[in-house]
Amino acid sequence: MPELPEVETVRRGLAPAMEGKRILRVETRRKDLRFPFPENFNQRIEGAKLTLMGRRAKYLVAELSNGEALIMHLGMTGRFTVHGKTSGRFHHDAGGDEKHDHVVFEMQGGARVVFNDARRFGFMDLWPADSLETYAPFAGMGPEPISNEFSGAYLHAAFKGKKTPVKSALLDQNVVAGLGNIYVCEALFRSGISPKKLAGAIRRDKLEFLAVEVRKVIEEAILAGGSTISDYKSTGGELGYFQHAFRIYDREGEPCLACERPVKRIVQSGRSTFYCAACQK
DNA sequence: CCGCGATCCTGGGGGC
DNA sequence: TGCCCCCAGGATCGCG
């Protein structure tokens, strides 16, 4: 489920159950996800209070009272569910019984927060909270697309001289952080730019459009609670509904919403790209 | 520096 | 029903 809007939706779902609460106990049911859990993972977080549930790009960053930051990535299929008597929406069962439930956090206040990840591309890590900028994936990472730093001028500078297709450039987390395959396709369609166009060859005025559409599609998707693909559910079991607002993603062969010509699908750097050859130049 | 393919995993869907 | 192949929201690494 996880591009920026989905991760932000998860963050908002976890915050009421975890923020300001002590982590009473952590159950890790295997020694690794994508990577091994860090050394003494359980001991290092049990008993600590989770002071802030934050997010950077597609990473959840939970700051703990002991100075550690618990960094969590959902990979492709990672999902969190909140169980028990907590404020807000939650599952009324005990939780932790599903296939691929790998980690269970027992929180002060009674919530059980369960991490499930079928493909195990997700991971958890610990890093000093006061030097997150030195955490390898964050070093060199581009701005958030909904930040003031992100603009047409920024893209103009970031794309300067780049001979890579704009689709690949936007997927590069060091250019802009948090976009993935779906929202890149959507933003390129909305701004009328071909995914094959070389990043460095796009006119400045088009980059202004692109920056605006990237921001808009991400903001709209956050408001919709993210996109639900397959049977993804957010922390309380509710579905995001932005998938109904897809204008180009996963619409191969269907009529373009602007010109009615069939939507094309190509593969770029191993990922599907959906676009309209007539509307995107 | 760049694009590309392979890779880490499991599951769902379509074709036969 | 079963089997096989392809596909999937991510990200890294090695190769040419």
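Residues numbered from 1 in each chain as written. Chains lettered and ligands numbered in written order. Predicted model: local features only at pLDDT ≥ 70, side-chain atom pairs only at ≥ 80, totals over all residues. Heavy atoms only, no water.

Draft legend 1. Highlighting the protein's contact with DNA strand C. Among the 21 residues in the neighbourhood of DNA strand C, the closest are listed as Arg-34, Ser-227, Ile-229, Arg-271 and Ser-272. Here the atoms of DNA strand C within 4 Å of the protein split so that 51% fall in sugar or phosphate, with bases taking the remainder. The side chain of Arg-34 places a nitrogen or oxygen atom 2.3 Å from a base nitrogen of DNA strand C. In this structure, Ser-272 approaches DNA strand C through a side-chain N or O atom, which is 2.4 Å from a phosphate oxygen. Breaking the surface near DNA strand C down by element, the ones donating at least two residues are helix H5 (181-190) and strand E10 (271-275). Here the surface near DNA strand C is built from residues that sort into 7 nonpolar, 8 polar and 6 charged. (Near = heavy atom within 4 Å. Polar contact = N/O pair within 3.5 Å; in protein donor to acceptor, adjacent residues only side chain to side chain. Helix = DSSP H or I, 4+ residues; strand = E, 2+ residues; numbered from the N terminus. Nonpolar A, V, L, I, M, F, W, Y, C, P; charged D, E, K, R; others polar.)

Draft legend 2. Representation of the layout of surface pockets in the model. Within this model, the largest pocket holds a volume of roughly 870 Å³. Around the largest pocket sit 31 residues that line it, and Pro-2, Lys-58, Gly-75, Met-76 and Arg-271 are the ones nearest its centre. In terms of residue class, the lining of the largest pocket is built from 15 nonpolar, 9 polar and 7 charged. When residues of the lining of the largest pocket are assigned to domains, at least three map to each of domain 1 (4-134) and domain 2 (152-275). (1 Å grid on protein atoms, 1.4 Å probe; cavity = no way out; pocket = protein on both sides within 12 Å on 5 of 7 lines; lining within 4 Å. Points joined across faces, edges and corners; volume = space filled by probe spheres on them. Domains from an automatic or database assignment.)

Draft legend 3. Expanded view of the pattern of salt bridges. Going through the model one piece at a time under the given rule, you end up with 18 salt bridges. The salt bridge partner of Asp-32 is Arg-30, with a shortest N-O separation of 3.0 Å. Two residues, Lys-216 and Glu-213, come together in a salt bridge whose shortest N-O distance is 3.5 Å. Residue Lys-216 and its partner Glu-213 are located together in helix H6 (residues 204-223), separated by 3 residues, close to a single helical turn. The partly exposed category is assigned to Lys-216, whose relative accessible area is 37%. (Salt bridge = Lys/Arg side-chain N within 4 Å of Asp/Glu carboxyl O. Buried < 20%, exposed > 50% of the residue type's maximum accessible area, 1.4 Å probe, protein only.)

Draft legend 4. Quick look at the nonpolar core. If you look at the biggest cluster of nonpolar residues, it comprises 39 residues, and the most contacted ones within it are Leu-155, Phe-159, Val-166, Leu-170 and Leu-210. Where this core is concerned, the elements lending two or more residues are helix H3 (152-159), helix H4 (166-171), H5 and H6. No other element matches H6, which puts 8 residues into this core. What Phe-159 contacts, discounting residues up to four positions off in sequence, is Val-166, Ala-169, Leu-170, Val-175, Ala-199, Gly-200, Leu-207 and Leu-210. Core analysis: the next-biggest nonpolar cluster, separate from the first, contains 32 residues, Ala-15, Leu-50, Leu-64 and Leu-74 among them. (Core = buried A, V, L, I, M, F, W, Y, C linked by side-chain atoms within 4.5 Å. Contact = heavy atoms within 4.5 Å.)

Draft legend 5. Looking closely at the packing of aromatic side chains. Under the defined criterion, the tally for this structure stands at 12 aromatic pairs. Measuring from ring centre to ring centre gives 5.0 Å for Phe-37 and Phe-41, while their planes differ by 40 degrees; the resulting arrangement is tilted. This pair shows no difference in class: Phe-37 is buried, exactly as Phe-41 is. For the ring pair Tyr-135 and Phe-138, a centre distance of 5.2 Å and an interplane angle of 65 degrees mean the geometry is edge-to-face. Each member of the pair, Tyr-135 together with Phe-138, is buried. Clustering of aromatic rings is evident, with ring pairs tying together Phe-35, Tyr-59, Phe-123, Trp-127, Tyr-135 and Phe-138. (Phe/Tyr/Trp six-rings, centres within 6.5 Å; stacked < 30°, edge-to-face > 60°.)

Draft legend 6. Geometry of the sheet that holds strand E5 (residues 78-83). Taking strand neighbours across the sheet as the criterion, the 8 strands line up as E5-E7-E6-E1-E2-E3-E4-E8 in an open arrangement whose pairing is antiparallel. Either end of the sheet is taken by a strand with one partner, and the two such strands are E5 and strand E8 (123-128). In this sheet, adjacent strand axes meet at a mean angle of 30 degrees when their direction is disregarded. Across 6 bridges, strand E4 (residues 68-73) lies against E8 in antiparallel orientation. Note on E8: the bridge partner recorded for Met-72 is Met-124. (Pairing = 2+ DSSP bridges. Axes fitted to C-alpha atoms, helices over the stretch in contact; angles between N-to-C directions.)

Draft legend 7. Examining the packing of helix H1 (residues 4-18) against H6 more closely. Relative orientation of the contacting elements H1 and H6 amounts to 35 degrees, with a least axis distance of 9 Å. Judged by the sense of rotation from one axis to the other, the crossing of H1 with H6 is right-handed. The segment H1 lies against H6, with Leu-4, Pro-5, Glu-8, Thr-9 and Arg-12 engaging Ile-218, Ala-221 and Ile-222. (Left-handed = near helix turned anticlockwise from the far one by under 90°.)

Draft legend 8. Molecular detail of a positive patch on the surface. On the surface, Lys-196, Arg-261, Lys-264 and Lys-281 cluster together to form a positively charged patch. Within the fold, Lys-196 resides in the loop between H5 and H6. (Patch = residues over 30% accessible without salt bridge, like charges linked within 9 Å, V, L, I, M, F, W, Y side chains within 5 Å. Areas by Shrake-Rupley, 256 points an atom, 1.4 Å probe, with all protein chains shown as cover. Lys, Arg positive; Asp, Glu negative; His and termini not counted. Charge placed at Lys NZ, Arg CZ, Asp CG, Glu CD.)

Draft legend 9. Molecular detail of the domain arrangement of chain A. Each domain of chain A was delimited in the assignment, giving domain 1 (4-134) and domain 2 (152-275). Each of domain 1 and domain 2 has a C-alpha centre, and these two points are 28 Å apart. Of the residues lining the interface, 19 residues belong to domain 1; the matching set on domain 2 comes to 20 residues. Sorting the residues of domain 1 by area buried against domain 2 places Pro-5, Glu-6 and Arg-79 first, and these three jointly supply 32% of that buried surface. Summed over the shared surface of domain 1 and domain 2, the result is 5 residue pairs in polar contact (both at pLDDT 80 or more). Those elements that place two or more of their residues in the side of domain 1 that touches domain 2 are H1 and E5. If one sorts the elements of the side of domain 1 that touches domain 2 by residue count, H1 sits on top with 9 residues. (Buried area = accessible area lost by both parts, 1.4 Å probe.)

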